[in-house]
Amino acid sequence: MTDLLSMSREEICAWIKDLGYPAFRGQQIHAWLIRGADIDEMTNIPLKLREELHALMQPPPRIDMCVKSQLDDTEKFLYRLYDGNLIEGVLMRYKHGNTLCLSTQVGCRMGCAFCASTLEGCVRSLSAGEMLGQIVAVNRHMGEGRVNNVVLMGSGEPFDNYDNVMRFLRLMSSEDGLNMSLRGVSLSTCGLVPQMLRFADEGLPVTLSVSLHAPNDEIRRKIMRVAQRYTIDEVMAAARHYVSRTGRRVIFEYAMIGDLNCEPRHADELASRLRHLQCHVNLIPLNEIKEKDALKAPTPAQVQRFMTQLERRNISVTRRREMGDDIQGACGQLRRHVLSEKTEPITPS
Ligand code: SAH
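Residues numbered from 1 in each chain as written. Predicted model: local features only at pLDDT ≥ 70, side-chain atom pairs only at ≥ 80, totals over all residues. Heavy atoms only, no water.

Chemist: Report on the nonpolar core, specifying residues and quantitative values.
Modeler: In terms of nonpolar packing, the biggest core is built from 105 residues, with Phe 168, Leu 169, Phe 199, Phe 252 and Leu 310 touching the most fellow members. Take this core: its biggest share by element is eight residues, from helix H4 (residues 128-142). The residues contacting Phe 168, other than those within four sequence positions of it, are Leu 102, Ala 128, Met 131, Leu 132, Ile 135 and Leu 152. (Core = buried A, V, L, I, M, F, W, Y, C linked by side-chain atoms within 4.5 Å. Buried < 20%, exposed > 50% of the residue type's maximum accessible area, 1.4 Å probe, protein only. Helix = DSSP H or I, 4+ residues; strand = E, 2+ residues; numbered from the N terminus. Contact = heavy atoms within 4.5 Å.)

This is the structure:
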């Protein structure tokens, strides 16, 4: 099966020519595909070619389930891939536009202690077209409006699927494709240092987010397996390189976990590490998952104290807005819910 959504318009035209049709059919098919049309809707395509497409084309991801928050306008999607695998995504509507959180792999093999996406390891990586297909499906689902910004913060480690993610970024921003701005893209990594260094040289104006989650290696190693491989000093050096090559600030994500990393002294230690680095800290109070019930969310007072302490040290910091709290908005929880045997229907509370 051919994964047409992973191909550029020219590549589809070349493929169509090889099938024995004129190249302009490729342009037509490409235009339909990026609008999320089904093959049967491609009314300007001859029936015989449509039949061939049914036989040859890998079906794009489709939305299998959709839950809308009643607290805000957040929507959560479960997509089914051509091989039956499930991934999830979240659409957040802000005043400045619609942001879609995309998955880059089915599951994840990074093994972070607090994350639901990694509990069963990585099933497989997504193709560029399967990433693009998430945007295409949601654009179509929305009808009015479209996805403006993308965060690569769904399941998977983007830098563990480096080449497909780069291809996706080039496809989504290509003028004859979705023509989206890369300035509206944030890529989040758990801190794979060699890929961070390589990414700095790609010349793409994407915001790099790094999941730090700890002020020192000792704490980081308790919750992130990747910390056995790379020290915080190495992660910081790669972040500095990114800033110097791109001129863009780096975002550090910091999941706050009660009794582990949210004391004022941890804020001080973090601030010392970040001094003189063009960066921003995004605090995420831990989203508790039932499989990891020893890891607890911090109290609101702890979050406030931590934030104040960083501000005192002149670190730019915000607390991530929690959206879609009633629809299991976070991190692999909807997929797990659906995959678990005792599936109860999810209804927004
Ligand atoms: N693999 C990438 C993308 C992961 S998801 C990365 O590690 O950065 C985006 C963010 O959510 C990461 O910072 C991740 O560490 C964080 N996260 C995962 N599970 C969480 C949870 N239960 N509570 C709070 N943050 C979580």
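Chemist: Can you lay out the packing of helix H6 (residues 193-200) against helix H8 (residues 232-246) for me, pointing to particular residues and giving the numbers?
Modeler: Orientation of H6 relative to H8, taken along the N-to-C sense of each, is 5°, at an axis distance of 9 Å. The angle between the axes of H6 and H8 places the two elements in the roughly parallel class. For the pair H6 and H8, contact is made by Val 193, Met 196, Leu 197, Phe 199 and Ala 200 and by Glu 234, Val 235, Ala 238, Ala 239, His 241, Tyr 242, Arg 245 and Thr 246, respectively. Broken down by class, the residue content of the contact of H6 with H8 amounts to nine nonpolar, two polar and two charged. (Axes fitted to C-alpha atoms, helices over the stretch in contact; angles between N-to-C directions. Parallel < 35°, antiparallel > 145°, perpendicular 65-115°, else oblique. Nonpolar A, V, L, I, M, F, W, Y, C, P; charged D, E, K, R; others polar.)

Chemist: Explain the environment of His 213 to me, and be specific about the residues and the numbers.
Modeler: Position of His 213 relative to the elements: it lies in the loop between strand E9 (207-211) and helix H7 (217-223). Assessed through its relative accessible area of 5%, His 213 is described here as buried. With 66 residues separating them in the primary sequence, His 213 and Val 147 have C-alpha atoms 29 Å apart. His 213 has contacts with Phe 114, Ile 223, Met 224, Glu 253, Tyr 254, Ala 255 and Asn 261, leaving out every residue within four places of it along the chain. A polar contact is formed between the side chain of His 213 and the backbone nitrogen of Ala 255, at a distance of 2.8 Å. (Polar contact = N/O pair within 3.5 Å; in protein donor to acceptor, adjacent residues only side chain to side chain.)

Chemist: Can you explain the pattern of salt bridges? Please cite residues and give values.
Modeler: Per the counting criterion, the structure on display carries 18 salt bridges. The closest approach of N and O atoms between Asp 233 and Arg 273, which form a salt bridge, is 2.8 Å. In this pair, Asp 233 is assigned in helix H8 and Arg 273 in helix H9 (residues 264-274), connecting sequence segments 40 residues apart. Overall, Asp 233 belongs to the exposed group, its relative accessible area being 52%. (Salt bridge = Lys/Arg side-chain N within 4 Å of Asp/Glu carboxyl O.)

Chemist: Kindly report on the pairing of strand E4 (residues 97-101), identifying the contributing residues and their values.
Modeler: Burial within E4 is extensive, with five of its five residues counted as buried. Relative to E4, strand E3 (residues 86-94) is paired through five bridges, and the arrangement is antiparallel. Bridge pairing links Tyr 94 to Gly 97 in E4. Joining the antiparallel neighbours E3 and E4 is a turn of two residues. Where E4 lies against strand E7 (residues 149-152), three bridges are found, and the strand directions are parallel. (Pairing = 2+ DSSP bridges.)

Chemist: Explain H6 to me, and be specific about the residues and the numbers.
Modeler: Within H6, the full set of buried residues consists of Val 193, Gln 195, Met 196, Phe 199 and Ala 200. Looking straight down H6, one finds its buried side chains confined to an arc of 160°; they lie on one side. (Arc of directions from axis to C-beta.)

Chemist: Give a description of the site of the ligand that names residues and reports values.
Modeler: Neighbouring the ligand are 16 residues, the closest being Phe 114, Ser 188, Ser 211, His 213 and Asn 287. The separation between an oxygen atom of the ligand and a polar side-chain atom of Ser 211 is 2.6 Å. Note that an oxygen atom of the ligand is positioned 2.6 Å from one of the side-chain N or O atoms of His 213. When the free accessible area of the ligand is taken as 530 Å², the share hidden by the protein chains comes to 96%. (Near = heavy atom within 4 Å. Areas by Shrake-Rupley, 256 points an atom, 1.4 Å probe, with all protein chains shown as cover.)

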